[in-house]
Amino acid sequence: MTADFRLPAGGRIDRDSALRFSFNGRSLAGRTGDTLASALLANGVHQTGTSIKYGRPRGIMAAGVEEPNALVQIAEPFTEPMLTATTVELYDGLVADGLSGYGVLAAEPDPSRYDAKHAHCDVLVVGAGPAGLAAALTAARSGARVVLVDDQSEPGGSLLGTDDNLDGRSSDVWVRDVITELDTTPGVLRLDRTTAFGAYQDGFVLALQRRTDHLGFDAPSHVSRHRIWRIRAKQTVIATGAHERPIVFADNDRPGILLAGAARTYLHRYGVQVGRRLAVFTANDSAYLAAIELAEAGIDVPVLLDARQEVPPGLSAECAARGIEVHPGHVVTGTEGHDRLTDVHIGPFGGGQADTVGCDTLLVSGGWNPAVHLFSQLGGTLRYAPETGAYVPGESLASARVAGSAAGTFELTTCVEQGIDAGRAAVTAAGFTPAAEARVPVADVRAEETAAAVLWRVPGGADDRAFVDLQRDVTVSEVERATGAGLESLEHVKRYTTIGTAHDQGKTSGTVAAGLVAEQLGANLAERRPTTFRPPYTSVPFAALGGRDRGELYDPIRVTALHDWHVAQGAEFEDVGQWKRARHYPRQGEDMHTAVLRECRAAREGVALMDASTLGKIDLQGPDAAELLDMLYTNMMSTLKVGRIRYGVMCGIDGMVIDDGTVIRLADDHFLLTTTTGNAAMVLDWIEEWLQTEWPHLRVFATSVTEHWVTVPLVGPKSRDVLAALAPELDVSNDAFGFMTWQDATVAGIPARICRISFSGELAYEINVNAWCGLALWEALIEAGEPYGITPYGTETMHVLRAEKGYPIVGQDTDGTVTPQDLGMSWAVSKKKTDFIGKRSFSRAENLRPDRKQLVGLLPADPSVLLPEGGQIIEHDHLPEPPVRMLGHVTSSYDSAALGRTFALAVLRSGRDRIGEKLYVTKDDEVVAVTVTDTVLYDKEGARRDG
Amino acid sequence: MQLIPCPWCGPREEVEFHYGGQAHVDYPAEPAALSDEEWAKFVFFRDNPRGPFAERWSHAAGCRRWFNAVRDTRSYELLAVYRPGQERPVTT
Amino acid sequence: MTADITTRRTPLDGWTSRFAELAPAVRLTERPFRSQLTLRLRDAGRAAAVSRVLGVDLPETPCTFNRGAGPHGPVEVAWLGPDEYLVLAQPGLQRTLESALREAIGGTQGGAVVDVSAQRTTLALSGPRARDLLAHGCAIDLHPSVSPTGTCVQTLLAQTGIILLVRDADPAEFLLLVRASFARYLAAWLVDAGAEYREEPV
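Report on the accompanying structure. (Residues numbered from 1 in each chain as written. Chains lettered and ligands numbered in written order. Predicted model: local features only at pLDDT ≥ 70, side-chain atom pairs only at ≥ 80, totals over all residues. Heavy atoms only, no water.)

A closer look at the overall build of chain C
Along chain C, the regular secondary structure elements total 6 helices and 10 strands. Relative to a compact globule of 202 residues, whose C-alpha radius of gyration would be 17 Å, chain C shows 17 Å and is just as compact. Once the C-alpha set of chain C is aligned to its principal axes, its extents read approximately 55 × 50 × 30 Å. When burial is assessed residue by residue, chain C has 58% of its 202 residues classed as buried. Counted over contacts in chain C with a minimum sequence separation of 6, partners at least 24 positions apart contribute 60%. Element-wise, carbon and sulfur atoms account for 50% of the exposed surface of chain C, whose accessible area totals about 7400 Å². Charged side chains of chain C number 20 positive and 22 negative; the gap between the two group centres comes to 5 Å. (Helix = DSSP H or I, 4+ residues; strand = E, 2+ residues; numbered from the N terminus. Rg over C-alpha atoms; globule rule 2.2 N^0.38 Å. Buried < 20%, exposed > 50% of the residue type's maximum accessible area, 1.4 Å probe, protein only. Contact = heavy atoms within 4.5 Å. Areas by Shrake-Rupley, 256 points an atom, 1.4 Å probe, with all protein chains shown as cover. Lys, Arg positive; Asp, Glu negative; His and termini not counted. Charge placed at Lys NZ, Arg CZ, Asp CG, Glu CD.)

Quick word on the interface of chain C and chain B
Contact residues are listed per partner, giving 15 residues for chain C and 11 residues for chain B. For the pairing of chain C and chain B, the buried interface totals around 970 Å² over both sides, and the portion due to carbon and sulfur atoms is 54%. When the buried surface of chain C facing chain B is broken down by residue, C:Pro82, C:Gln154 and C:Leu156 rank first, second and third, together holding 40% of it. Across the chain C-chain B interface, the total number found is 3 salt bridges. A salt bridge links C:Glu84 to B:Arg65; its shortest N-O distance comes to 2.6 Å. Between the two partners, chain C and chain B, sit 4 residue pairs in polar contact (both at pLDDT 80 or more). Going through the elements one at a time, strand 4 (73-81) and strand 8 (152-157) of chain C are the ones with two or more residues in the side of chain C that touches chain B. The element best represented in the side of chain C that touches chain B is strand 8 of chain C, accounting for 4 residues. Residue composition of the side of chain C that touches chain B, by class: 9 nonpolar, 3 polar and 3 charged. (Buried area = accessible area lost by both parts, 1.4 Å probe. Salt bridge = Lys/Arg side-chain N within 4 Å of Asp/Glu carboxyl O. Polar contact = N/O pair within 3.5 Å; in protein donor to acceptor, adjacent residues only side chain to side chain. Nonpolar A, V, L, I, M, F, W, Y, C, P; charged D, E, K, R; others polar.)

Some thoughts on the packing of helix 5 (residues 286-296) of chain A against helix 6 (residues 313-321) of chain A
Residue and element names in this part refer to chain A. At their nearest, the axes of helix 5 and helix 6 sit 10 Å apart, and the two run at 20° to each other. Here helix 5 is positioned roughly parallel relative to helix 6, judged by the angle of their axes. Judged by the sense of rotation from one axis to the other, the crossing of helix 5 with helix 6 is left-handed. Residues Tyr288, Leu289 and Ile292 of helix 5 pack against Leu315, Ser316, Glu318 and Cys319 of helix 6. Partitioning the contact of helix 5 with helix 6 into residue classes produces 5 nonpolar, 1 polar and 1 charged. (Axes fitted to C-alpha atoms, helices over the stretch in contact; angles between N-to-C directions. Parallel < 35°, antiparallel > 145°, perpendicular 65-115°, else oblique. Left-handed = near helix turned anticlockwise from the far one by under 90°.)

A look at the pattern of salt bridges
Residues and elements named next belong to chain A. If you walk through the whole model with that rule in mind, you get 79 salt bridges over all chains. Put simply, Asp306 and Arg308 hold a salt bridge, and the shortest N to O gap is 2.9 Å. Asp306 sits in the buried class, given a relative accessible area of 0%. Relative accessible area serves as the criterion here: at 5%, Arg308 is assigned to the buried category.

Let's talk about the nonpolar core
Residues C:Val50, C:Leu54, C:Leu125, C:Leu157, C:Phe174, C:Leu176 and C:Leu190 are the most contacted members of the largest nonpolar core, which totals 69 residues. Counting residues per element, this core draws most heavily on helix 5 (residues 183-193) of chain C, at 9 residues. Of the residues that make up this core, three or more belong to each of domain 1 (16-32 + 119-195) and domain 2 (35-115) of chain C. Those residues in contact with C:Leu176 that sit more than four places away from it in its chain are C:Thr121, C:Thr122, C:Leu123, C:Leu125, C:Leu134, C:Leu157, C:Ile162, C:Ile163, C:Leu164, C:Leu186 and C:Leu190. If you look at the next biggest cluster of nonpolar residues, it comprises 56 residues, including A:Tyr91, A:Ala287, A:Tyr288 and A:Ile324. (Core = buried A, V, L, I, M, F, W, Y, C linked by side-chain atoms within 4.5 Å. Domains from an automatic or database assignment.)

And the structure:
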């Protein structure tokens, strides 16, 4: 079919262009400037699909975001579901299909780029229609920083869909002049194709900019397809216009039934006639203009039905002059046609002589709903205006004002005036002196002659075919069923019927539903609460919200200074918080199990090293540092001598372990603490919280130095030899450099701080150097250790080594419900200190219960069975019917090279009293017999730590 | 994205802040002197009013300072912010 | 065996060519190995002594920094908190400055000095699109009227914390300080953010 319905002239489309596209398998032609909907209508295609519940044919009803029917799925260039044909700009090669309420997500990753950008302004204007343009211009002339967003491909708003004149010239001229001035005024950011979809506190507005969709296959890949603008505005002017609402009647959903204003838009903006023979049904003056203008364009408009008894005299006369019969007090009572409207049944409102008019198109107008979404999102209250049957903004907000038809003003000159006023008020509130009063252009638009009537539906028809929400297929009958069931609140009716919950969020159905419910309840709409508008105003792709936080940028990856070395050695990594830590270094053909056994053996029998740089490190300086540490740790730190190191446990005020680590005393008033990798930030925050809020009198300063240092534990009986080779000036003997002491020395020419700390039970030196020199140190250690078979090991081996020694890991063997006593660490809890954080909680009855879960070791009866971490400990030798008494669970479980068997750590009720008992651990659908043991399974005497 | 006015750095996006719970809950001078019940009240119990509530916040991603704020729990509006040690201002 | 300057590694070692792809819309370079010290001052009366060491006054206004030159060459001193400053100086001065500053503040009675030179790395960012690049992930209003030359903010850029110094508001010239472990993430983010501006004629 050729473009039969494209008028020979008019519209804002490029008539020299020729775009090919495909819809529901049909090849069609359109023009640049078309939407998919206007191009379909130009080809005479109204029906886009069928309805979701009843499968009824449905066609294009609107010309913008309020469209309830014309949902489409884009197939080419990239699959995208649930778009409205009325908002898809046409491009060459577009392939789309109509949807019946459900779309299909793409099966492959979206190759497009999405991003976000922050913008700040004094005045944000939403909507570039007459009111918005006037507001933006006023603000810009006052010197304010202005952002103007508009969801259309070009500015003008409602003017794009009319032939209104301003100051005797086409309104185009006025729009062009305003835009030219805005675009040349510094501090103005104008964004087309940008929908403000959410308005929040403190002037924060989110907007979605569709930057390349209209370019179709020609969209450049380096340009983000969509951009989320995060706009922070001192003041916001909401000039978002209004949506026309229909009147509900029997069979009001056939293809060919459109909103009257949409028909004007298709005529003026796209040069498209929506039908050959049109009837018009209205309860207000605005649809007369549609009838008149379409008739002027040469289209047959036989009748206009006005539900009002009193019709506008001037407009009626103009209709008569164009051969349009105006029927006062008449309504549409039903329609005929299947894929397309064929006849309209008409009759007097309230009953009487019925008639039928043959026509392929029916234009309907039930009035206009201001787009109050953003105002409502900001917490603005809405007021029902009985004269227009619409919700309008109630009292104004301090930082947002509404102008134009969004405020319920539908007369063009007044809209512009309101825009100027809103612009002046906004700049004044933002601290500017408004520019001299701009002249208001005078519109030639015919003023409303007769007050609108509010008509939600034509009664007396087939209510089960009178559709309120076309997208959800909800009829008047269903609303009656809801109120009949006793539901009164609109929120309840909405949930009961699903009205307003579809993709269009009830833009054409919400107010009508409110009216119907009030009507059925005999209630006054003005006294009833409307439903709440929540973001987003229109649907926003998740890809756009995700933006560039995809792939390697999804979540920050923290790496140590030695990361590249680990990668080059083929290390497998594990995530610890945001850190990538080398988990093990598999050699050719090794799985993790084999690699870890080898690494463990090296640490216990030779020498091994690991990257422990991720450990949190906090520098603590001040005369009261020791006093603070005595409060922070359960054990006594003030007695620690300079040059020495002490292990410490930190608890919350509830007495539960929150972290552990070592404390190094560098000087009387200078300490260095280490924290677990995952808790570094938490512990620093914890210290600052106490220092700043409870004990500001303590003279202590805490500074994070985590990344300033690279930390390398050198572990194993041969570690002393390796260190001695690299630090010839250092006496590494046990007498000169004892356990839990530190020394500064030069290692491989690098200034280093070396600590005799062991997390494995083996002789070990933890070497700390400035991170810039970390790689040099590491490589020197590897080289010097080569004769001893030095082996890098990862976190998995570290876990096995420490577990063999019964050292718990906070966050793995603890879960926030474990006290130091539960861990068997009463030795680390000072009896001498009068107070420290957590102390008072230790004597709470709950914490003294003998049946608390305590840390123990578990040895599976079968030494080759690896217990699952998280496995429940029970007393039964089989899995009984639930409920099953659970005694605790496995927290760590490994295969040990040193023990030649598997083992586990677990928290177990009355665990220490159960040592020697035989219990069972669930594994898959079976139970595994285990013996409860002490936590220390290797080198109980601690003979190995000094080498 | 709400703005929270740091008493030092000025208004910043809420993601820069950490919440610290109810303000003006002092660590007891002598925990050992408290009964289990009194101690539990300090450890576990906090107010949850509908309306103005004095809270502690930390400008975690900024100057890392703790401060107090009176926030209306109905509207999230911050009625006042003040530095530690300062009196809770009168808010309406 | 000694570690000379050639064996030191900055967190963004090897990124120079990727940063160069951003030019000319954005110029991004790492300023490696700069001396950085955290200075905590309990005794405000010691500020003058600190100024004498640095040749620059401590910034009194929150979210600002001062720059100048003194006995130890060019120095920037940034306000990080009511009693907290970050001293930025030429490479190799951290030990000298640490002891000079500690003396100036009167030891730990007067405050604290910590060498944090390797804790963060420094990126210099300039060019006609530098401000746009930051606006993709930084919520701070960097308009010259709001963030003039001398502004220093600690905030978030993308998903990592940064210290941002406005060395010059117009034409835009920024310093970004980022924790060493986050440096590659931020570098990758910045390079990716610049994808669009690379293609633009300037």
